[in-house]
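Chain residues, written in single-letter form:
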Amino acid sequence: MEPTNSMDQISSVFAKRLVKLQERLLKGTEVMTDPLDTSCGPTPKDEVLSVDRWKLYRYRPVVKNPKPIPVIIFYALINRYYMVDLQSDRSMVSKFLEAGLDVYVVDWGHPSRGDRYLTMEDYIDGYMNQAVDFVRKQSGQDAITVYGICQGGTFSSIYTSRYPEKVKNLAIMVAPIDFDTDKGLLNVWSRSLDPDRMAETFGNVPGDFMNMGFLLLNPLRLMFHKYVDLVDHMNDKDFVTNFVRMERWIFDSPDQAGEAFRQFVKCMYHKNQLVKGEFELGGKLVNLKNITQPVLNVFAEKDHLVPPDSSRPFTDLVGSKDKTVLSYPTGHIGLFTSGRSQKEYAPAIAKWLAEHSGQKKKRAKKAGVKASMSDASKEKAKKVPTAKTPKKITKKKKAASRKGTKTKGSKK
Amino acid sequence: MSESTNQILEMTLDLQKKWAETAMKMSSALSSAGSNPKQPLDAAAWMEQAQKIMAKGMADSGASPSSLSDLSEQLEQAASTYASLLGFAQAQSKKTDNAAEESTEANDISALLNQYQEMLSGWMPSEFAPPGMASAEAWQKASTTMMGNWARLMTDLTQRATDGFDAKTTPEDAVQGIYASWLKSYEATLGRFVNMPAVGPQRYSMEKLEKSTDTYLKYQAANSDFQSKITQTGIETLQEVTEKAEGLFSEKIEEETFDEFYALLMSVGERRYRDLFSTPLFCQSLEALVATGLDFLDSWNDLTEETLKSTPIVTQSQADEMHKEIYLLKKRLSQLEQRLGEQDSQE
C-alpha cells in the first residue's frame, strides 16, 4: 500500500530517528564517561618571564637552528592565548615552529580586582614593552617580529608606531583598526554602552558579561545548534573531545581591567581615534604612519566579530612599503581552528614570517663604551654568550623588495 | 490510533480552544471594565453575581464524571458558564462606560462601600466576632473604612497612571514602548511609595534599601522588555517556519525531511535575529537593560557597604583604595627605575 503522510507515517519516520538518537545517546554516554583528554596547548613551551599577572612563554624550537628574528605573539585581553595552540591538529604555533621560527607568546592571565586600574598605557608601554625587550635581549636582536591577534593586533599596531626601532616586522590577524562600521554587531551595540559606568560599577568588566554579548551575536547557532550538533555526534569520541576543548576555551574568559576597557571602548569603538590619528598614549599621539616595517594583515572575510571593513584599512594607514594582505573565506575562529587553517592559512602566514625572519642584526655596542674597555675586557665581552649563541647564517633567498600591496589567498 | 481516541483528542482540543478563547475575552473585558478611574468597578456586586452564575453552572453539571462523555459534557457546561460570566462582565463594562460621565468620585466610592458592606453582611454570620472586636458589626465597620481608604488611594493612583499614557499611542508603539509606559506609570504610582524619605536611626540603610528596591524593579522591567523582543522574534520565526514548512510536509515524509525542517528553522531564525539586533529599538532596549542593571548593581553594592560598615571586614571600596595606592606606587617605582637605567647608560 502506498504510504501516506498520515499520523502513522509521521510517527513511523520519527520513531526511526528516535531509535538512532537512542543508539547515539547510549554510545555517547560511554564516550562522555570515559576519560577525555581535553587539555589545551599541547606544544611544549617554557615560561621565561613572569610579571604581575602575565607570563611570557617560549615554545621549544623543533628545528636545530631557528630563524634569528624571533616572533612574539600578543593575543587579545579577551579570551585566552592558547587558541593559537588549541590541540595538536589545530595549532598555528606548530606550523610556525615547523617553518623554523622562534616563537614566544604572552599569556595575559586573569586580572584580579587589584588590576582594575591598569590602562592601555600600562599594557602597551609597560607590559608589551617589557616582553619585547626581554625577547630582544634573549635573542640578541635589535628588533623582532610582533604578531598581534584581534585586540592584540590593535595593541601591536599602537606599540609598533610608538617603538618602531624595536619591531622588525609587524603582523596582525583579525585585528580591529577602523571601528567606524556597522557591519559588525559589536560595533553597533558598543554605541549603546557606557564604558565609564561599566568600569566604575564593575571594577573589572566580568568575562561572563563579555561572553553573553558574544553569544548574543548569533544565539540560535551558538546557544542552540551547537548543542544539537553535539548530540548528533555524541558517539564520536574525537568530536566530543574537540567540542569540550573548544567549550573550555570559549568560556575561559578573563575579566577585563576596568580602565583599559573604558579606554578601549571610548577611544576606539566610540571615537575611532586610532584611524583619525587622535589617539594618545603616554602623552603622545599615536601615528600609524610611523609604521614603516614590513606588515602582514590577515583577516577573515566572514568574520562577525571583527568585520573585514574594520581590519582591511590597516594596510592603507601605515607608512610601510612592504605590505601583504591575506584574506580567507572563513570566520573569526575558523582562521585558527578550521581544517583549512592547518593546510592553508597557517602555513601561508608561517611562510611570510619565515621569509621576514632571516636577517640578523647584532645589537650595536654603546658609543664610548668600546673605547674605554681594556683589551682583556673586550676579549671577555666577545665570549659572553647570549641566551642563544648566534651562528653565521648562510644567505638565504631573500624576498625581493616589494612595491605596493600584494593581496593573495582570497579564494571564492 | 483508534477512532475513539481520535475523537476524544479532537473533543478535548476543541474544548480547550473554546476555553482559551473565553478566558481571553473575559480577561479583556475585566481589564476594560476596571480601566475607567472615575467609575471604579462595582466589585462586590460583580463578584456576587458571578458566584451565582458559577454555582448554577456547576450545579447543573452534576457529580464527578463517570465516563469521558460526562467529562466532555461538564467541560462544555463550564465553558458556557464562563460565557455567561463573560456576558455579565461585558454588561458591567458597558454600564460603567455609560455612567462615567455622570458619576462623581465620592458617590462612586460610597456606592462601592455600600456594596462591600452588603457583601460582608451576606457572607459573615451575625454571631461571628473577630478577636479584639466587640461584634461582627464593629468588624464590618472597621473593614469598610479600611476598604474606603484603599479605594480612594487606588482611584488616585489609577488616575495618575492613566495620565502617563498618551491617547495617540498606537498598539505597535504600545508594545514597543511598554517599558517606557511602565516606567512612567511606576514613577507616578508605586515608585512614590518606594522612594518615600526614610526617617529614624536607620534612615541611611533604609534609603539604600529603598534605592535597591527601586532600581531592581526598573531593572526587571527593562529585562522584561528586552526578553519580550527576543521572544517576539522567536514567535515570528516559528510563524514563518510554519508557513514555509507546509511545502515540506505536503509530500512524502522521509527522515531527511526533519533535517530540512531544522535547516529551515535555523536559517529563518538567524536572519530574523540578525535583523532584530541591528534595529535602533533593540539597541535602546539593550542600553536600558545594561544601564538599569548597573544602577541596581551600584545600589546593591552601596547597601552591602552600608551593612558591612559595622563588621570587621574590609569592604570593596576600602580594598579599591588600597589597590589604587599600590598601583600608583608601582607606576612611580617603574618610572624611577627607568630614570635610573637611563642615568646608568649615560654614565
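Residues numbered from 1 in each chain as written. Chains lettered and ligands numbered in written order. Predicted model: local features only at pLDDT ≥ 70, side-chain atom pairs only at ≥ 80, totals over all residues. Heavy atoms only, no water.

## A look at the interface of chain A and chain B
Counted only if it meets this: Here a residue-residue contact requires only that any non-hydrogen atoms of the pair lie within 4.5 Å. In this description, buried area is defined as the sum, over both parts, of the accessible area (probe of 1.4 Å) that is lost when the two are combined. The salt bridge criterion pairs a side-chain nitrogen of Lys or Arg with a carboxyl oxygen of Asp or Glu, the two atoms within 4 Å. In protein, a polar contact means a hydrogen-donor-capable atom and an acceptor-capable atom, both N or O and within 3.5 Å, with residues adjacent in sequence counting only if both atoms are side-chain atoms; elsewhere, any N or O pair within 3.5 Å suffices. Going along the chain from the N terminus, every DSSP run of H or I of four or more residues is numbered as a helix, and every run of E of two or more is numbered as a strand.
Between chain A and chain B, the residue contacts involve 39 residues of the former and 37 residues of the latter. Around 3400 Å² of area is buried between chain A and chain B when both sides are counted, 63% of it from carbon and sulfur atoms. Between the two partners, chain A and chain B, sit 8 salt bridges. On the surface where chain A and chain B come into contact, there are 15 residue pairs in polar contact (both at pLDDT 80 or more). Sorting the residues of the side of chain A that touches chain B by element identifies helix H1 (7–33), helix H3 (120–139), helix H5 (185–190), helix H6 (195–202), helix H7 (207–216) and helix H8 (219–232) of chain A as the ones contributing at least two each.

## Details of empty space enclosed by the protein
All names here are of chain A. Convention followed: Site definitions follow a grid-based scheme: protein atoms alone, a 1 Å grid, a 1.4 Å probe that fits but cannot get out for cavities, and for pockets an open set with protein on both sides within 12 Å along at least five of seven lines, plus lining residues having an atom within 4 Å of a point. Grid points are joined across faces, edges and corners, and a volume is the space filled by probe spheres set on the points. In this classification, the charged set is Asp, Glu, Lys and Arg, the nonpolar set is Ala, Val, Leu, Ile, Met, Phe, Trp, Tyr, Cys and Pro, and all remaining amino acids, among them Gly, are polar.
Under the counting rule described, the total for this entry stands at 2 cavities of 30 Å³ or more. Taken as a whole, the largest cavity holds about 60 Å³ of empty space. Along the walls of the largest cavity sit Asp-52, Arg-53, Trp-54, Trp-108, Pro-111, Asp-115, Leu-118, Tyr-123 and Tyr-127, which together make up its complete lining. Its residues assigned to classes, the lining of the largest cavity shows 6 nonpolar, no polar and 3 charged. A volume near 50 Å³ is recorded for the second largest cavity. What lines the second largest cavity is Tyr-75, Ala-76, Leu-77, Asn-79, Arg-80, Tyr-81, Val-106, Asp-107, Trp-108, Gly-109 and Pro-254.

## Notes on the packing of aromatic side chains
Rules: Side-chain rings of Phe, Tyr and Trp, where Trp is taken by its six-membered ring, are said to pair if the distance between their centres is within 6.5 Å; with planes under 30 degrees apart they count as stacked, over 60 as edge-to-face, and otherwise as tilted. Throughout this description, buried means an accessible area under 20% of the type-specific maximum (1.4 Å probe, protein chains only), exposed means over 50%, and partly exposed covers the range between. Cation placement over rings: the criterion is NZ of Lys or CZ of Arg within 6 Å of the ring centroid and within 35° of the ring normal.
Within the structure shown, the criterion is met by 29 aromatic pairs over all chains. Taking the centre distance of 5.8 Å and the plane angle of 35° together, the rings of Tyr273(B) and Phe277(B) count as tilted. One end of the pair is Tyr273(B) and the other is Phe277(B), both in helix H10 (residues 255–277) and 4 residues apart, which spans about a single turn. Seen in terms of ring centroids, Phe296(B) and Trp300(B) are 6.1 Å apart; in terms of plane orientation they differ by 35°. Their pairing is tilted. Note that Phe296(B) and Trp300(B) are positioned in helix H11 (residues 280–308) at a spacing of 4 residues, about one turn of the helix. Under the relative-accessibility criterion, Trp300(B) is labelled partly exposed at 45%. Put simply, the rings of Trp54(A), Phe74(A), Trp108(A), Tyr123(A), Tyr127(A), Phe155(A), Phe179(A), Phe264(A) and Tyr269(A) pair up and form one aromatic cluster. A cation sits over an aromatic face here: Lys45(A) above Tyr57(A), 5.0 Å from the ring centre. Its end group placed over the ring of Tyr204(B), Arg203(B) keeps NZ or CZ at 5.2 Å from the ring centre.

## Here we look at the environment of Met120(A)
Residue placement: Met120(A) occurs in helix H3. Spatially, the C-alpha atom of Met120(A) lies 9.4 Å from that of Arg262(A), the residues being 142 residues apart in sequence.

## With respect to the pairing of strand E7 (residues 144–149) of chain A
Residue and element names in this part refer to chain A. Let me state the cut-off plainly: Paired strands, in this sense, are two strands between which DSSP finds at least two bridges.
Judged by how many residues are buried, E7 sits mostly within the fold: 6 of 6 residues are covered. Sheet topology places strand E3 (residues 71–74) next to E7; 4 bridges connect them, and they run parallel. By the bridge assignment for E7, Val-71 is matched with Thr-145. When E7 meets strand E8 (residues 167–173), the two strands line up parallel, connected through 6 bridges. Looking at the pairing, Ile-144 lines up with Val-167 of E8.

## Considering the pairing of strand E1 (residues 45–51) of chain A
Residues and elements named next belong to chain A. Across 6 bridges, E1 lies against strand E2 (residues 54–59) in antiparallel orientation. Bridging across to E2, Lys-45 finds its partner in Tyr-59. Connecting E1 to the next strand, E2, in antiparallel fashion are 2 residues, including Asp-52 with a positive phi near 50°.

## Structural notes on the pattern of salt bridges
Counted according to the given criterion, the structure contains 39 salt bridges over all chains. Residue Arg58(A) is joined to Asp102(A) by a salt bridge in which the shortest nitrogen-to-oxygen separation is 3.0 Å. Of this pair, Arg58(A) sits in strand E2 while Asp102(A) sits in the loop between helix H2 (92–98) and strand E6 (103–107), placing them 44 residues apart in sequence. Taken as a pair, Arg58(A) and Asp102(A) share a single burial class, namely buried. Note that Lys229(B) is salt-bridged to Asp225(B), the shortest N-O span being 3.2 Å. With Lys229(B) and Asp225(B) both in helix H9 (residues 203–250) and 4 residues apart, the pair spans about one turn of that helix. In this structure Lys229(B) comes out as buried when scored by relative accessible area, which is 9%.

## Description of the nonpolar core
Where we set the bar: The nonpolar core is taken to be a set of buried Ala, Val, Leu, Ile, Met, Phe, Trp, Tyr and Cys residues, with the residues joined through side-chain atoms within 4.5 Å.
Counting 119 residues, the largest nonpolar core has Ile72(A), Phe96(A), Tyr147(A), Ile149(A), Met173(A), Trp189(A) and Ile349(A) as its most contacted members. Considering every element that reaches this core, the biggest residue donor is H3(A), with 8 residues. Aside from chain neighbours lying at most four places away, what touches Phe96(A) is Ile73(A), Leu101(A), Val103(A), Tyr147(A), Ala346(A), Ile349(A), Ala350(A) and Leu353(A). With 6 residues, the next largest nonpolar core counts Val241(B), Ala245(B), Leu248(B) and Leu264(B) among its residues.

Without other data, these values stay purely geometric and don't point to any function.
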